[in-house]
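If you want the building blocks of each chain, they are given just below.
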Amino acid sequence: MNKGALSFTREITVRFNEADPLGIVWHGHYVRYFEDGREAFGQAFGLSYLDIYKHGYSVPVVKIDLDYKKSLKYGDRVIIETEFVPCHAAKLQFIYRLYNAVTKELVAKGSTTQVFLDHPENNLQLINPPFFEAWKQKHVGAG
């Protein structure tokens, strides 16, 4: 993580249903681990999906980048580092790093981009919603 960056770390254990018959985690679950990290970050910093929804918005993912480095296996403990990336545009950007908790090896890294849609029309927001501007001022100073 970048020094001084707004980030959150969570540890999970790979579950049986996330692995194939050889005990290796199916590649699609890494995206879910990113979401686990994003949800933990949101809970920690008051930017959960429910917090956003209460303000009249949703934030669908519109882009995912994922680089696999090593395999995870059933029973592995995984450290999920989630870092908020400040920007001026009306979007949420996060960087993720997944580490094997025992070996400390980087197993995957990536990023996501989400945009703001209002409810109930689902119109794309081209400027930051007021609640998000206030959140950024509180947590990162400026966007």
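In the block above lies the structure referred to throughout.
Before going into details, it helps to say that this report is about the structure given with it. What you see is a predicted model, and the numbers here were worked out from it, not measured in a lab. (Residues numbered from 1 in each chain as written. Predicted model: local features only at pLDDT ≥ 70, side-chain atom pairs only at ≥ 80, totals over all residues. Heavy atoms only, no water.)

## Re the overall build of the protein chain
Here comes step 1: On a plain count of helices and strands, the protein chain comes out with three helices and seven strands.
Here comes step 2: A buried classification covers 41% of the 143 residues belonging to the protein chain.
Here comes step 3: At a minimum sequence separation of 6, the contacts of the protein chain that also span at least 24 residues come to 66%.
Here comes step 4: Roughly 8000 Å² of accessible area belongs to the protein chain as shown, and the carbon and sulfur atoms make up 54% of that amount.
Here comes step 5: Charged side chains of the protein chain number 17 positive and 16 negative; the gap between the two group centres comes to 5 Å. (Helix = DSSP H or I, 4+ residues; strand = E, 2+ residues; numbered from the N terminus. Buried < 20%, exposed > 50% of the residue type's maximum accessible area, 1.4 Å probe, protein only. Contact = heavy atoms within 4.5 Å. Areas by Shrake-Rupley, 256 points an atom, 1.4 Å probe, with all protein chains shown as cover. Lys, Arg positive; Asp, Glu negative; His and termini not counted. Charge placed at Lys NZ, Arg CZ, Asp CG, Glu CD.)

## Examining helix α1 (residues 29-45)
Here comes step 1: A rise of 1.5 Å per residue sets the reference length of α1, with its 17 residues, at 24 Å; its end C-alpha atoms lie 24 Å apart and thus fit the reference within 8%.
Here comes step 2: Phi for Gly 46, located one or two positions after α1, is positive at around 70°. (Expected span 1.5 Å × (residues − 1).)

## As for the environment of Gln 125
Here comes step 1: Looking at where Gln 125 falls in the secondary structure, it is placed in the loop between β7 (117-118) and α3 (130-139).
Here comes step 2: Along the primary structure Gln 125 and Val 115 are separated by 10 residues, whereas in three dimensions their C-alpha atoms are 7.5 Å apart.
Here comes step 3: Gln 125 has contacts with Tyr 57, Ala 90, Phe 116, Leu 117 and Asp 118, leaving out every residue within four places of it along the chain.
Here comes step 4: Here Asn 123 takes part through its backbone oxygen, which lies 2.9 Å from a polar atom of the side chain of Gln 125. (Polar contact = N/O pair within 3.5 Å; in protein donor to acceptor, adjacent residues only side chain to side chain.)

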